[in-house]
Amino acid sequence: VTEARVGEVALQRGQLEELMQSLSRSRDENLVVDIDAGLRLAQQQAQLTGSLQPLVAALKSASQRIERAAQPRLAPVLRAMGHDLERLEHASVTDTAGLLVRIDDLVRQVDDLPLINQVAQAAVMRRQAESAPTPAAAASSASESPWQSTLRRAWEGVRDETRGLVRVSRVDHPEAMLIAPDQAFFLRENLKLRLLNVRLSLLARDQWAFRREVAEVQHWMERYFDGRDKSVIAALATLRQFSRTEISSDLPTLTESLSALKSVRLGADKK
């Protein structure tokens, strides 16, 4: 009877150990499948955004989960993820998000950039701003008699109008001076469309189309906008930086990590 009871206990113990191992394998398999799906999703996000941040975040999160699981059979996967993470840290890719932000800034600035035929009006506005009375001038004019103040204002008005009668400047593109107000509106809108084409070319990783559209936008700005204005100078400098930017179409992949996960899954299936 005792031997029979010992045999039953041993059998129950074996069944319990087998059940625990089955549950452990099931948990590890679910972890491996979940990590594999997360890495593949991060790889798709990296291809869409052109950024390595989804890959780095997914690898770090997966490494932490494997370390918490503390399973020796997952050690090769952890080493492979470390190798992929090190390779990503030394990889250089185009900062697509930063370029998109700068392109959006240019689109917002188009309406405020001065055209060449607006320079004369801007010059008059600057002269009026410069001729605005300062506190010292206001104090001195307060001591003047009414007829002296009237005479001084009349003289300043005649002087400003006389200065604006003749303006000599070099114009490399005469047709830019003949743009009507309604034509200026369509010029700005077409320039915005060109910048949107630059954005689409960047998202499509099309180096040739990107540089072609950037060159066209730069040509329009140099031809129709005031090249002496600070905002136009800054916009042209940004476009020159765009023309020297290399768009990398190939992003690093997580081949080593995915291969290690596949090996673990195949080993579990054989068991």
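Please refer to the structure higher up on the page.
Remember, it's a predicted structure, so these values are computed and weren't measured experimentally.

> Summarise the overall build of the chain; cite the residues concerned and give the values.
Each helix and strand counted, the chain has 11 helices and 0 strands in total. Reading the chain from its N end, one meets helices and strands in the order α-α-α-α-α-α-α-α-α-α-α. Burial analysis of the chain (271 residues in total) assigns 31% to the buried set. Sequence separation of 24 or more characterises 80% of the internal contacts of the chain that already satisfy a separation of 6 or more. Looking at the chain as shown, the accessible area adds up to about 17,800 Å², and 56% of this sits on carbon and sulfur atoms.

> Provide a residue-level description of the environment of A69, including the pertinent values.
Inspection of the secondary structure puts A69 in helix 2 (residues 53–69). A relative accessible area of 24% places A69 in the partly exposed class. In sequence terms A69 and L31 are 38 residues apart; their C-alpha atoms lie 8.8 Å from each other.

> Can you lay out the nonpolar core for me, pointing to particular residues and giving the numbers?
When a protein is soluble and globular, its nonpolar side chains tend to lie buried together. The biggest cluster of nonpolar side chains holds 27 residues, and the ones touching the most others in it are M221, F225, L239 and F242. For this core, the secondary structure elements donating two or more residues are helix 4 (96–109), helix 8 (181–203), helix 9 (207–224) and helix 10 (230–243). Excluding residues that lie within four positions of it along the chain, L239 makes contacts with L106, V214, V217, Q218 and M221.

> Describe in detail helix 8, supporting the description with residues and values.
Compared with the 33 Å implied by 1.5 Å per residue over 23 residues, the 34 Å span of helix 8 between its first and last C-alpha is a close match. Structurally, helix 8 contributes buried residues whose contacts are with helix 4 and helix 9. Positive phi appears at R205, one or two residues downstream of helix 8, with a value of about 60°.

> So, the side chain of Q218: which residues are in play, and what are the values?
Assignment of secondary structure puts Q218 in helix 9. Judged by relative accessible area, which is 15%, Q218 ranks as buried. In contact with Q218, other than residues within four places in its own chain, are L236, L239 and R240.

> So what about the side chain of D36? Which residues, and what values?
If you trace the backbone, D36 turns up in helix 1 (residues 2–49). Residue classification places D36 among the buried positions, given a relative accessible area of 9%. One polar contact links D36 to R40, side chain to side chain, over a distance of 3.0 Å. Discounting residues that sit within four places of it in the chain, D36 has contacts with L258, L261 and R265.

> Lay out the packing of aromatic side chains in plain terms, naming residues and giving numbers.
Any aromatic ring pair is given by two values, namely how distant the centres are and how the planes are angled relative to each other. Using the criterion set out here, one finds 2 aromatic pairs in the structure. Taking 5.3 Å as the distance between ring centres and 75° as the angle between the ring planes, the aromatic pair formed by F185 and F186 counts as edge-to-face. By relative accessible area, which is 47% here, F185 ends up partly exposed. Between F210 and F242, the aromatic rings sit 6.3 Å apart at their centres with planes inclined by 50°, giving tilted as the arrangement. Within this pair, whereas F210 is found in helix 9, its partner F242 is found in helix 10, the two being separated by 32 residues in sequence. Take F210: its relative accessible area is 1%, and that puts it in the buried class. When its relative accessible area of 1% is taken as the criterion, F242 is described as buried.

Parameters and conventions
Residues numbered from 1 in each chain as written. Predicted model: local features only at pLDDT ≥ 70, side-chain atom pairs only at ≥ 80, totals over all residues. Heavy atoms only, no water. Helix = DSSP H or I, 4+ residues; strand = E, 2+ residues; numbered from the N terminus. Buried < 20%, exposed > 50% of the residue type's maximum accessible area, 1.4 Å probe, protein only. Contact = heavy atoms within 4.5 Å. Areas by Shrake-Rupley, 256 points an atom, 1.4 Å probe, with all protein chains shown as cover. Core = buried A, V, L, I, M, F, W, Y, C linked by side-chain atoms within 4.5 Å. Expected span 1.5 Å × (residues − 1). Polar contact = N/O pair within 3.5 Å; in protein donor to acceptor, adjacent residues only side chain to side chain. Phe/Tyr/Trp six-rings, centres within 6.5 Å; stacked < 30°, edge-to-face > 60°.

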